[in-house]
Amino acid sequence: MANSASGMAVNDECKLKFLELKAKRIYRFIVFRIQDQQVVIDKVGGPEESYDDFTASLPANECRYAVYDFDFTTDENCQKSKIFFIAWSPDTAKIRSKMVYASSKDRFKRELDGIQVELQATDPSEMSIDIIKSRAL
């Protein structure tokens, strides 16, 4: 188990599942939560799940970290994929929770080697599919 400067540990399963998402592409997304001073897996989405399934898995008033494997086609008609790291911190979340997630984010993100795009969102409009597409290109 990795330990961070903020005192937050990262469960090894988080890194293993991320490596499987990155290398084997057997997951579309992974949602993480902080529980008992460590980052743990909250939900895993299979490759058949959509972006809507992913956004529906984020709680309306609790913070989460998530990675999403976004497939897209470039203007040159090339199939590509980018791995997004999303820091979900809704306005309605408790202040203490927002502070804990904010202070642990960079350390946790460093544990996940291969993140290509980072996004912070406080409401669903800040991580709409259109924003994801524009950040991927």
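A quick note: this is a predicted structure, and the numbers were derived from the prediction, not measured.

How each quantity is defined
Residues numbered from 1 in each chain as written. Predicted model: local features only at pLDDT ≥ 70, side-chain atom pairs only at ≥ 80, totals over all residues. Heavy atoms only, no water. Phe/Tyr/Trp six-rings, centres within 6.5 Å; stacked < 30°, edge-to-face > 60°. Helix = DSSP H or I, 4+ residues; strand = E, 2+ residues; numbered from the N terminus. Buried < 20%, exposed > 50% of the residue type's maximum accessible area, 1.4 Å probe, protein only. 1 Å grid on protein atoms, 1.4 Å probe; cavity = no way out; pocket = protein on both sides within 12 Å on 5 of 7 lines; lining within 4 Å. Points joined across faces, edges and corners; volume = space filled by probe spheres on them. Nonpolar A, V, L, I, M, F, W, Y, C, P; charged D, E, K, R; others polar. Pairing = 2+ DSSP bridges. Right-handed = clockwise from strand over helix to strand, strands pointing away. Core = buried A, V, L, I, M, F, W, Y, C linked by side-chain atoms within 4.5 Å. Contact = heavy atoms within 4.5 Å. Salt bridge = Lys/Arg side-chain N within 4 Å of Asp/Glu carboxyl O.

1. Looking at the packing of aromatic side chains
In this structure the tally under the stated criterion is eleven aromatic pairs. Ring geometry for Tyr65 against Phe85: centres 5.8 Å apart, planes inclined by 35°, an arrangement best described as tilted. On the criterion of sequence distance, the pair formed by Tyr65 in strand 5 (residues 64–73) and Phe85 in strand 6 (residues 79–88) is long-range, its members being 20 residues apart. Assigned by exposure class, Tyr65 and Phe85 land together as buried. The interplanar angle of 55° and the centroid separation of 6.2 Å between the aromatic rings of Phe85 and Phe108 together place this pair among those described as tilted. One end of the pair, Phe85, is in strand 6; the other, Phe108, is in helix 3 (residues 95–111), and 23 residues separate them in sequence.

2. Observations regarding the layout of surface pockets
The space that makes up the largest pocket amounts to roughly 270 Å³. In this structure, the largest pocket is lined by 13 residues; those nearest its centre are Ile34, Glu62, Arg64, Ser97 and Tyr101. Secondary structure elements with two or more residues in the lining of the largest pocket: strand 3 (29–35) and helix 3. Per-element accounting of the lining of the largest pocket gives the leading share, four residues, to helix 3. For the lining of the largest pocket, a count of residues per class yields five nonpolar, three polar and five charged.

3. A look at the pairing of strand 7 (residues 117–121)
Burial along strand 7 is one-sided: Val117, Leu119 and Ala121 are buried, and none of Glu118 and Gln120, which face the opposite way, are. With five bridges connecting them, strand 6 and strand 7 associate as parallel partners. Among the inter-strand pairings, Trp88 is bridged to a residue of strand 7, identified as Ala121. Since strand 6 and strand 7 lie parallel, the crossover through helix 3 that links them has a hand, and here it is right-handed.

4. What about the nonpolar core?
Buried together is how nonpolar side chains tend to be arranged in soluble globular proteins. By size, the foremost hydrophobic cluster in this structure holds 22 residues, and its most contacted members are Phe32, Val39, Tyr65, Val67 and Phe108. Put simply, the parts of the chain that give this core at least two residues each are helix 1 (12–24), strand 3, strand 4 (38–45), strand 5, strand 6 and helix 3. Apart from residues no more than four positions distant in its own chain, Phe32 is found in contact with Cys14, Val39, Val40, Ile41, Asp42, Arg64, Tyr65, Ala66, Val67, Phe108 and Leu112. Ranked by size, the runner-up nonpolar core spans 18 residues in total, among them Tyr68, Phe72, Phe84 and Ala121.

5. Remarks on the pattern of salt bridges
Inspection of the entire model under this criterion finds 13 salt bridges. Across the pair Arg33 and Asp42 runs a salt bridge whose closest N-O atoms are separated by 3.5 Å. Relative accessible area serves as the criterion here: at 23%, Arg33 is assigned to the partly exposed category. The exposure class assigned to Asp42 is partly exposed, which follows from its relative accessible area of 30%.

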